[in-house]
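Remarks on the overall topology
Each chain, letter by letter, is given below.
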Amino acid sequence: MTPTWTDQAPIYQQLADRLAVQLLDGSPPEGEALPSVRALASQYVINPLTVTRALQALSDHGLIESRRGLGMYVMAGARERLLRHEREQFLQKDWPALRAKLKRLGLTAKDLNWEST
């Protein structure tokens, strides 16, 4: 299945976001290698330069590091840093909009089923 990309952000940023979600899920674990640029380019059907740019964005955020001749590795503490950042973004941007929509719709905490998937 070919991944789909939107016009909302550059493809490298969308890939960086997808890889960040995987890091949040613990894949690959801290200290482990990411797939090669060629493998990611093939998997996502994009140019290797786009993959390199996405990996550079993750590196700039201190989530992965390049080990000369070995590839890109997940840095220690990357998941915790990413989790902290994502929580902050959610509370500052997403939650206020979601809370306002819930209020407009007249929904309360009792209406929401936190346990369903």
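Residues numbered from 1 in each chain as written. Predicted model: local features only at pLDDT ≥ 70, side-chain atom pairs only at ≥ 80, totals over all residues. Heavy atoms only, no water.

1. Topic: the nonpolar core
Core analysis: the largest hydrophobic core is formed by 24 residues, its most contacted members being Leu15, Leu19, Val51, Leu55, Leu58, Leu63 and Ile64. Discounting chain neighbours no more than four positions away, the residues touching Leu58 are Ala16, Leu19, Ala20, Leu63 and Ile64. (Core = buried A, V, L, I, M, F, W, Y, C linked by side-chain atoms within 4.5 Å. Buried < 20%, exposed > 50% of the residue type's maximum accessible area, 1.4 Å probe, protein only. Contact = heavy atoms within 4.5 Å.)

2. Observations concerning the UniProt feature "domain: HTH gntR-type" (unreviewed entry) in the chain
As recorded in UniProt, the sites labelled "domain: HTH gntR-type" (unreviewed entry) are residues 9-77. What you have in residues 9-77 is 51% helix and 12% strand, and the ends, taken at the C-alpha atoms, are 27 Å apart. (UniProt positions renumbered as here; feature names shortened; annotations may be inferred. Helix = DSSP H or I, 4+ residues; strand = E, 2+ residues; numbered from the N terminus.)

3. Quick notes on a nonpolar patch on the surface
On the surface, Leu105, Leu107, Leu112 and Trp114 cluster together to form a nonpolar patch covering roughly 430 Å² of accessible area. Within the element layout of this structure, Leu112 appears in the segment after helix 4 (78-105). The exposure class assigned to Leu112 is partly exposed, which follows from its relative accessible area of 31%. (Patch = residues over 30% accessible without salt bridge, like charges linked within 9 Å, V, L, I, M, F, W, Y side chains within 5 Å. Areas by Shrake-Rupley, 256 points an atom, 1.4 Å probe, with all protein chains shown as cover. Salt bridge = Lys/Arg side-chain N within 4 Å of Asp/Glu carboxyl O.)

4. Details of unusual backbone geometry
Cis geometry is adopted by the peptide bond preceding Pro28, which originates at Ser27 and carries an omega value of -5°. Here Pro28 lies in the loop between helix 1 (11-24) and helix 2 (37-44). For Val45, which is not glycine, the phi torsion reads 55° and is therefore positive. Assignment of secondary structure puts Val45 in the loop between helix 2 and helix 3 (48-60). The exposure class assigned to Val45 is exposed, which follows from its relative accessible area of 53%.

5. Observations concerning helix 3
Since the α-helix packs 3.6 residues into each turn, any two residues three or four apart lie on the same face. With 13 residues, helix 3 ought to run about 18 Å at 1.5 Å a step, and its terminal C-alpha atoms sit 18 Å apart, in line with that. Taken as a whole, helix 3 has its buried residues at Val51, Ala54, Leu55, Ala57 and Leu58. With its buried residues spanning 150° around the axis, helix 3 presents them on a single face. Exposed residues on helix 3 whose side chains face more than 90 degrees from its buried face are Leu49, Arg53 and Asp60. Packed against the buried residues of helix 3 are helix 1, helix 2, strand 1 (64-67) and strand 2 (71-74). (Expected span 1.5 Å × (residues − 1). Arc of directions from axis to C-beta.)

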